[in-house]
Amino acid sequence: MDSRNYPLDASSLTISAKIVIAGGFGVGKTTFVGSVSEVKPINTEAWMTVAGEGVDPLPDSGKTTTTVAMDFGRIRLQPDLVLYLFGTPGQPRFWFLWDDLCRGALGAVILVDTRQIQDSFAAINYFENDSDIPFIVAVNKFDGELDYELDEVREALTLGPDVLLTTCDARDPGSTSKALQELVSYTMSCTVSYGPDVTWGQQQEG
Amino acid sequence: MEHIAMRSRRIRLYALTGGRTRPRHHLLVETLVSVPQYDQQLAGTLMPESQALYELARQTTSIAEMSAHLTIPLGVIRVLISDLVAQDVVFIHPTGFTYQYDRIILERILDGLKKLPA
């Protein structure tokens, strides 16, 4: 596949980091990932299986295996530091995969399309209530312009005043990079240190 | 990797892992895996899927990329890599999370993002 044409170097000290790109279906997550990734977004069918993820079968399917497509990209930011960008699968029923993707992330960018604002409610709820990773909300300017004032968007999304709300053009690498920088700065401003804890280690041993 | 493609997809993938679904190591989708010292003889003793992973990891590769390249579920990749770690033949790189995204790492990420061609 594509990314094998861009071998990572063999330095044993290279570390990786992760940012999650979330939002509703069709909001531009793959475009966002693709505009800064040094490889074409890798579309992988994660082949989630119930056995693998320890969740109950989906009630409406009766299937024990389901396929979830997710996109990710990669940027080598330093000779020994690689950043991965993971787009979340849009379908809300794959929350368990969101948990897996978010674990270990430095933060998330939630993309919003003001023409389909309701599609972002589920993602915002998830990061406000079910996840403890830092996040920012970015309105994707599809036509290069904002249709609404940011204050109006904040109100429509019922975002608290402390949530960082910004804009970006997912097609534009510079704009996308700026949104990522805003997230990293926001994470730096979070006073609570964030990383693996004892509980997590114990769960892994189980 | 042809031998992988030839294996019937009707096989239950978790048969490969002996039914185990939980890796013993902290393997995130972005966790990088590498082979510190490649051992061809050892490679020959591995089952095809593990062998393919071992070969891929000769160039530092993430868990997610391994899953994508081999079209093997993430959960299975994690268990198989975990086994290779137990055999002490692959190296698991730390991630930013390992260092609790301390200020130094976040600053280096920010610095790298600022240098990207716009």
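Our subject in this report is the structure included herewith.

About the criteria used
- Residues numbered from 1 in each chain as written.
- Chains lettered and ligands numbered in written order.
- Predicted model: local features only at pLDDT ≥ 70, side-chain atom pairs only at ≥ 80, totals over all residues.
- Helix = DSSP H or I, 4+ residues; strand = E, 2+ residues; numbered from the N terminus.
- Buried ≥ 20, exposed ≤ 12 C-beta atoms within 10 Å, placed from the backbone.
- Contact = placed C-beta atoms within 7 Å.
- Pairing = 2+ DSSP bridges.
- Axes fitted to C-alpha atoms, helices over the stretch in contact; angles between N-to-C directions.

1. Brief notes about the overall build of chain A
Step number 1: For chain A, the count of helices and strands is seven helices and seven strands.
Step number 2: Considering chain A as a whole, with its 206 residues, one finds that 41% of them fall into the buried category.
Step number 3: In chain A, 72% of the contacts between residues at least 6 apart in sequence involve partners at least 24 apart.

2. A closer look at the overall build of chain B
Step number 1: If you tally the helices and strands in chain B, you get six helices and three strands.
Step number 2: Going residue by residue from the N terminus, the α and β elements of chain B occur as α-β-α-α-β-α-α-β-α.
Step number 3: Per-residue burial for chain B yields a buried fraction of 42% across its 118 residues.
Step number 4: Taking as baseline every contact in chain B between residues at least 6 positions apart, the subset at least 24 positions apart corresponds to 73%.

3. Quick look at the sheet that holds strand E1 (residues 32–34) of chain B
Step number 1: Spatial ordering of the open sheet is given by E2-E1-E3 (chain B), a layout of three strands whose pairing is antiparallel. Strands at the two margins of the open sheet, each flanked by one partner only, are strand E2 (61–62) and strand E3 (91–92) of chain B.

4. Describing the sheet that holds strand E6 (residues 135–140) of chain A
Step number 1: Taken in spatial order, the seven strands line up as E2-E3-E4-E1-E5-E6-E7 (chain A) in an open sheet, and their pairing is mixed. Looking at which strands have only one partner, the edges of the open sheet turn out to be strand E2 (42–45) and strand E7 (165–168) of chain A. Averaged over all adjacent pairs, the angle separating strand axes in this sheet is 30°, with direction ignored.
Step number 2: As paired strands, E6(A) and E7(A) are joined by four bridges and run parallel to one another. Its bridge partner being in E7(A), A:Val139 is matched across the sheet by A:Thr167.
Step number 3: Helix-sheet contacts for helix H4 (residues 63–70) of chain B involve E2, strand E3 (69–78) and strand E4 (81–87) of chain A, and the interaxial angle to E2(A) is about 75°.
Step number 4: Against the sheet, helix H6 (residues 103–114) of chain B contacts strand E1 (15–23), E3 and E4 of chain A, and its axis sits at roughly 95° relative to E3(A).

5. Points about the pairing of E4(A)
Each regular strand carries side chains that alternate between the two faces of the sheet.
All names here are of chain A.
Step number 1: Most of E4 is tucked away: six of the seven residues are buried.
Step number 2: Sheet topology note: the E1/E4 ladder contains seven bridges and is parallel. By the bridge assignment, Ala17 is partnered in E4 with Leu83.
Step number 3: Of the strand pairs in this sheet, E3 and E4 are connected by six bridges, and their pairing is antiparallel.

6. Considering helix H1 (residues 29–36) of chain A
Residue and element names in this part refer to chain A.
Step number 1: Most of H1 sits out of view: eight of its eight residues are buried.
Step number 2: Looking only at H1, the buried set comprises Lys29, Thr30, Thr31, Phe32, Val33, Gly34, Ser35 and Val36.
Step number 3: Considering only its buried residues, H1 is in contact with E1, E3, E4, strand E5 (107–112) and helix H6 (173–189).

7. A short note on the environment of B:Arg78
Residues and elements named next belong to chain B.
Step number 1: Within the secondary structure layout, Arg78 lies in helix H5 (residues 74–86).
Step number 2: Under the C-beta neighbour-count criterion, Arg78 is labelled buried, with 26 such atoms within 10 Å.
Step number 3: Along the chain, Arg78 and Glu65 lie 13 residues apart, while their C-alpha atoms are 12 Å from each other.

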